[in-house]
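Architecture and fold: a report
Okay, here's what each chain looks like letter by letter:
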Amino acid sequence: MEDPLKQLPEILNKGRMKNITFHDEHRQKVLKKIRQLNRPPAPKSWFYHWFHQSLSVAIGVAFIFIFIQFAQSIPEPLEQKEAEHAAKIPYANQAILTKARHDMRNYHNVSGIDAYQKGDLLTVHIMFPDNLSYQDQVNLSESYLKEVSRLTLNEPYEAQNYLGELWNYVNVKVYTVSANYDLLAAKLQYESNFDWLGTIEKEDGKLRWEQISK
Amino acid sequence: MDLKHTPKAGTYDGSIQGLSQEEWLIQIMDLYQDKVIRLAYTYVKDRKLAEDLAQEVFVKCFVHKESFRSESSVKTWVYAITVNLCKDYLRSGWKKYIHVIDRLGKSKQSPSLTPELTIVQKSEHEALADEVLRLPLKYREVILLYYYKELSVLEISHVLNKKEPSIRTLLQRGREMLRRKMEKGR
């Protein structure tokens with residue numbers, strides 16, 4: 001028996017496919033489309049160029065501006081860390097140190113006194129008169145430090161235990177030397193050739209003395 | 001003239017045997033226009049759509065003529081473009097939407113006429129054509145390319161980008177499915 005499917009071309013072409021043909025109008029549409037594809041793009045108007053270039057410049061500037069803002073908003077990690085560290089340490093005000101030095105010279109006959117702070121270390125050099133006893137030297141040193149501390153923090157004197165809140169943040173080293181000693185030389189080599197070294201512990205704020213030389 | 005024997009696309013340089021690109025396309029359309037539109041119709045089953053798709057096929061042939069490889073004939077190349085374009089359309093969301101609307105419309109138009117009754121009313125030949133067009137796509141396309149477009153299994157494998165044994169299997173199953181349907185319809 002013959003395969004009926006072999007008649008399929010005849011069945012379809014004479015049947016439902018009979019009227020399905022590609023007309024000339026379809027062909028013209030195809031040719032029109034391909035001519036449009038081959039046609040070079042029409043030249044753009046001056047307004048298009050002006051608008052396009054202006055827009056490009058505006059977007060570029062905006063991008064650069066945003067980038068700069070963003071870059072500025074991010075601090076460098078090291079700088080930030082240093083800033084945070086510095087903020088924690090109160091600095092002994094130079095004017096206060098000067099006033100304290102002035103008081104010591106005028107009222108206590110202390111011929112040489114100097115103080116400076118570096119980081120969290122406040123270094124104080126005091127040159128006492130030769131006739132001053134050790135206990136007087138200690139009392140005068142404490143008095144000086146109290147003055148510095150109180151005026152620095154601008155708090156009532158009674159509220160401070162021992163030498164005040166400043167010492168919770170700053171280490172203090174007080175060097176005392178005899179009157180005939182060169183203060184500048186002591187500053188340059190302060191770890192030796194002086195009589196007493198006073199230090200303050202951050203935790204308790206107490207001034208402790210130890211005899212270094214002699 | 002059969003383009004199967006013209007120089008292959010590897011030698012294209014904008015013209016074939018002295019033809020301009022447009023003349024080449026006109027020649028392709030002369031040879032395949034009705035074949036393409038009818039093949040497209042077997043996929044989409046809508047005349048207007050088939051017309052649009054056939055136009056799109058020829059534009060694609062023109063645009064992608066450089067991609068034509070000499071491994072296959074121009075005929076299988078054109079058919080492959082047609083099949084791919086039709087399948088793309090059938091896969092598209094818009095088609096699915098239209099299909100649902102279309103089915104709803106048809107179900108309202110002739111609710112009393114069942115498919116079985118329609119087949120009885122038609123001649124045996126028309127019933128065969130109907131059943132072929134109702135086959136699932138994977139069987140339908142193989143049956144139509146083999147019997148209607150009279151392509152060989154090798155050519156069908158090129159058009160559908162499948163292996164020959166798969167084409168033979170699909171052909172066999174399609175035939176069996178069709179035979180069962182025809183027997184059931186009698």
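Right, let's walk through the structure included here.

What counts, and at which threshold
- Residues numbered from 1 in each chain as written.
- Chains lettered and ligands numbered in written order.
- Predicted model: local features only at pLDDT ≥ 70, side-chain atom pairs only at ≥ 80, totals over all residues.
- Heavy atoms only, no water.
- Helix = DSSP H or I, 4+ residues; strand = E, 2+ residues; numbered from the N terminus.
- Buried < 20%, exposed > 50% of the residue type's maximum accessible area, 1.4 Å probe, protein only.
- Contact = heavy atoms within 4.5 Å.
- Areas by Shrake-Rupley, 256 points an atom, 1.4 Å probe, with all protein chains shown as cover.
- Patch = residues over 30% accessible without salt bridge, like charges linked within 9 Å, V, L, I, M, F, W, Y side chains within 5 Å.
- Salt bridge = Lys/Arg side-chain N within 4 Å of Asp/Glu carboxyl O.
- Buried area = accessible area lost by both parts, 1.4 Å probe.
- Core = buried A, V, L, I, M, F, W, Y, C linked by side-chain atoms within 4.5 Å.
- Phe/Tyr/Trp six-rings, centres within 6.5 Å; stacked < 30°, edge-to-face > 60°.
- Lys NZ or Arg CZ within 6 Å of the ring centre and 35° of its normal.
- Pairing = 2+ DSSP bridges.

Each helix and strand in chain A was counted, giving seven helices and five strands. Considering chain A as a whole, with its 214 residues, one finds that 32% of them fall into the buried category. Across chain A, every contact between residues at least 6 apart in sequence was considered, and the portion connecting residues at least 24 apart equals 55%. Looking at chain A as shown, the accessible area adds up to about 14300 Å², and 56% of this sits on carbon and sulfur atoms.

On to the overall build of chain B, then. Within chain B, the regular secondary structure consists of nine helices and zero strands. For chain B, the α and β elements follow one another from N to C terminus as α-α-α-α-α-α-α-α-α. Across the 186 residues that make up chain B, the buried fraction comes to 45%. Taking as baseline every contact in chain B between residues at least 6 positions apart, the subset at least 24 positions apart corresponds to 65%. Here chain B displays about 10300 Å² of accessible surface, and carbon together with sulfur accounts for 51% of that area.

Taken together, the side chains of Trp46, Phe47, Trp50, Phe51, Leu55 and Ile59 of chain A present a nonpolar region at the surface, about 740 Å² in accessible area. Relative to the assigned elements, Trp50 of chain A resides in helix H3 (residues 46–73).

The partner chain B presents 35 residues to the 28 residues of chain A that form the contact. Here chain A meets chain B over a buried area of about 3000 Å², counting both sides, of which 67% is carbon and sulfur. The interface formed by chain A and chain B contains three salt bridges. The shortest N-O distance in the salt bridge between Asp30 of chain B and Arg27 of chain A comes to 2.4 Å.

Ranked by internal contacts, the top residues of the largest apolar core, which has 66 residues, are Leu8 of chain A together with Leu25, Val78 and Leu160 of chain B. No other element matches helix H1 (residues 21–44) of chain B, which puts 12 residues into this core. Apart from residues lying up to four places away in sequence, Leu8 of chain A is in contact with Val132, Ile143, Leu144, Tyr147 and Tyr148 of chain B. Judged by nonpolar contacts, the second largest core, of 23 residues, contains Phe128, Val138, Val148 and Val172 of chain A.

Tallied over the entire structure, the rule returns seven aromatic pairs over all chains. Centroid distance Tyr32 of chain B to Tyr79 of chain B: 6.5 Å. Interplanar angle 70°. Geometry classified as edge-to-face. Of the two residues, Tyr32 of chain B sits in helix H1 while Tyr79 of chain B sits in helix H3 (residues 74–91), which places them 47 residues apart along the sequence. Across the pair, exposure class does not vary: Tyr32 of chain B and Tyr79 of chain B are buried alike. When the ring centre of Tyr48 of chain A is taken as origin, the NZ or CZ atom of Lys44 of chain A, which lies over that ring, is 5.5 Å away.

Next up on the list: the pairing of strand S4 (residues 196–200) of chain A. All names here are of chain A. Across the five residues of S4, four count as buried, placing the element largely inside the fold. For strand S3 (residues 171–177) and S4, the ladder comprises five bridges, and the chain directions are antiparallel. Note that in S4 the partner of Thr176 across the bridge is Trp196. In the sheet, S4 pairs with strand S5 (residues 207–211) via five bridges, with the strands oriented antiparallel.

This brings us to the pattern of salt bridges. Scanning the model with the defined rule gives 14 salt bridges over all chains in all. Across the pair Glu56 of chain B and Lys33 of chain A runs a salt bridge whose closest N-O atoms are separated by 3.7 Å. In this pair, Glu56 of chain B is assigned in helix H2 (residues 47–63) and Lys33 of chain A in helix H2 (residues 24–38), connecting two distinct chains. Two residues, Arg47 of chain B and Glu51 of chain B, come together in a salt bridge whose shortest N-O distance is 3.6 Å. Of this pair, Arg47 of chain B and Glu51 of chain B both sit in helix H2, four residues apart, which is roughly one turn of that helix. Residue Arg47 of chain B is classed as partly exposed on the basis of its relative accessible area of 38%. For Glu51 of chain B, a relative accessible area of 7% puts it in the buried group. Each member of the salt-bridge network shares a partner with another, and the members are Arg47, Lys48 and Glu51 of chain B.

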